[in-house]
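Structural description and commentary
Chain by chain, the residues run as shown.
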Amino acid sequence: MADMKESNGAEVIPMKERVANEDDRSSNPDAVVLRRQVGLLECVTIVVGVIIGSGIFISPKGILENTGTVGASLLVWLGCGIMSSLGALCYAELGTTFPKSGGDYVYILEAFGPLVAFLRIWTSLLAIKTGTMAVLAIAFAQYCVAAFYPICEPPQSAVKLLAAAILCGVFYLNCVSVTWTTRVQTVLTFVKTIGLIIIIITGFVLLFQGKTTHLKDAFTGAENTDVTKIPLAFYAGLFAYSGWQYVSQITEEIVNPSRNLPLGIMISMGLVTVIYLATNVAYFAQLSPQELLNSNAVAVVSERRKSFFK
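Description of the structure in this document. (Residues numbered from 1 in each chain as written. Predicted model: local features only at pLDDT ≥ 70, side-chain atom pairs only at ≥ 80, totals over all residues. Heavy atoms only, no water.)

1. So, the overall build of the protein
As a reminder, the rule being used: By definition, any uninterrupted DSSP run of H or I lasting at least four residues is a helix, any uninterrupted run of E lasting at least two residues is a strand, and each is numbered from the N terminus. Exposed residues in this analysis have more than 50% of their type's maximum accessible area, buried residues have under 20%, and partly exposed residues fall in between, with area computed by a 1.4 Å probe over protein chains only. Contacts between residues were defined by any pair of non-hydrogen atoms, one from each residue, lying within 4.5 Å.
Summing up its helical and strand segments, the protein has 13 helices and zero strands in all. Put simply, the protein runs from its N terminus to its C terminus through helices and strands in the order α-α-α-α-α-α-α-α-α-α-α-α-α. Burial analysis of the protein (310 residues in total) assigns 42% to the buried set. Within the protein, counting contacts between residues at least 6 apart in sequence, those at least 24 apart form 77% of the total.

2. Re unusual backbone geometry
Here Asn256, not a glycine, exhibits a phi torsion of approximately 50°, which is positive. The topology assignment puts Asn256 in the loop between α10 (230-241) and α11 (257-286). Note on Asn256: relative accessible area 38%, which makes it partly exposed.

3. Remarks on the packing of aromatic side chains
Each pair of aromatic rings is reported with the distance of its centres and the angle of its planes. Here is the rule: Planes of paired rings set the category: under 30 degrees apart is stacked, over 60 is edge-to-face and the rest tilted, where pairs are Phe, Tyr or Trp rings (Trp by its six-membered ring) whose centres lie within 6.5 Å.
Under the criterion given, the structure shown has six aromatic pairs. Both rings, one in Trp77 and one in Tyr241, keep their centres 6.1 Å apart while their planes meet at 55°; by these two values the pair is tilted. With Trp77 in helix α4 (residues 70-97) and Tyr241 in helix α10, this pair connects stretches of sequence that are 164 residues apart. The exposure class assigned to Tyr241 is buried, which follows from its relative accessible area of 0%. Relative to Trp244, the ring of Tyr91 has its centre 5.4 Å away and its plane inclined at 80°; by these criteria the two rings are edge-to-face. Highlighted residues: Tyr91 in helix α4 and Trp244 in the loop between α10 and α11, separated in sequence by 153 residues.

4. Considerations on the pattern of salt bridges
Applied cut-off: The salt bridge definition used is simple: a Lys or Arg side-chain nitrogen within 4 Å of an Asp or Glu carboxyl oxygen.
Applying the stated criterion to the full structure yields one salt bridge. We note a salt bridge from Arg120 to Asp104, for which the minimum N-O separation is 2.7 Å. Of this pair, Arg120 sits in helix α6 (residues 114-146) while Asp104 sits in helix α5 (residues 104-112), placing them 16 residues apart in sequence. According to the relative accessible area criterion, Asp104 is buried, its value standing at 14%.

5. Topic: a nonpolar patch on the surface
To be explicit about the condition: Patch definition: residues above 30% relative accessible area lacking any salt bridge, with like charges linked at up to 9 Å and the nonpolar side chains Val, Leu, Ile, Met, Phe, Trp and Tyr linked at up to 5 Å. Computed by Shrake-Rupley with a 1.4 Å probe, the accessible areas treat only the displayed protein chains as cover when residues are assessed.
Together, Phe112, Leu115, Val116, Phe118, Leu119, Trp122, Leu125 and Leu126 make up an exposed nonpolar region whose accessible area comes to about 880 Å². Per-element accounting of the nonpolar patch gives the leading share, seven residues, to α6. For Phe118, the location among the structural elements is in helix α6.

Here it is as structure tokens:
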């Protein structure tokens, strides 16, 4: 997202020469700096938008499979939210201590020097983030193209072309304007959040109608839980919460980062945790644990929509 953005059409100077605050800007008017135009709302939408994705539809199966009970799975979701929030607050502290854009690169540069920092950013750009972006683009394109092929598999050439177009569009948007990048991010975040809220509301309507069968004895069978699988449950949950670290990569573009960065992280992590917990409760209002284990993410969402809106 905006972590790929380094400037708004201006030449970027080396990190150590870059001016990161308004005082330095006024004392050196010729310095090239990043414009501070990301407010509190944008900070929240960036974190929420990056975190909320396929994880909430994939991870419930892995968590339930490794905990064995509905109650334990909900506790794992809560625990993962708390752990992720603590990690995010650590990054907020680092972001306000070193008010420079770059995230991990800046912190490693300050702690271990340029060689280790270069190796970190090199592996991130060439392998980690590029691979992740490619997978996400192909997955998104697969779902978009599949809508036009209801009874057969979509052609892979169309999927790959659309994925390439998506990547080019995201790259272009980040290069051209931080303002438009954050606007698009805000819109997409609201769309994803509204979709989950619809699931949550409908699930809670079913609960109020008395469909609490799967939640009444939430810890039944807990004595048979294999404790050695609990770390795997947390691994699946933390995957769904991943992405909270990215907002620290645009610290120089945040208005009043000492306030908006930690506040935005706290608000967004609390919001995501509540949404994830409520979504899982809504899942169990409709599906039994065994049905959830036997379903993949797409099937779960499809069946819920069908049953919700009959």
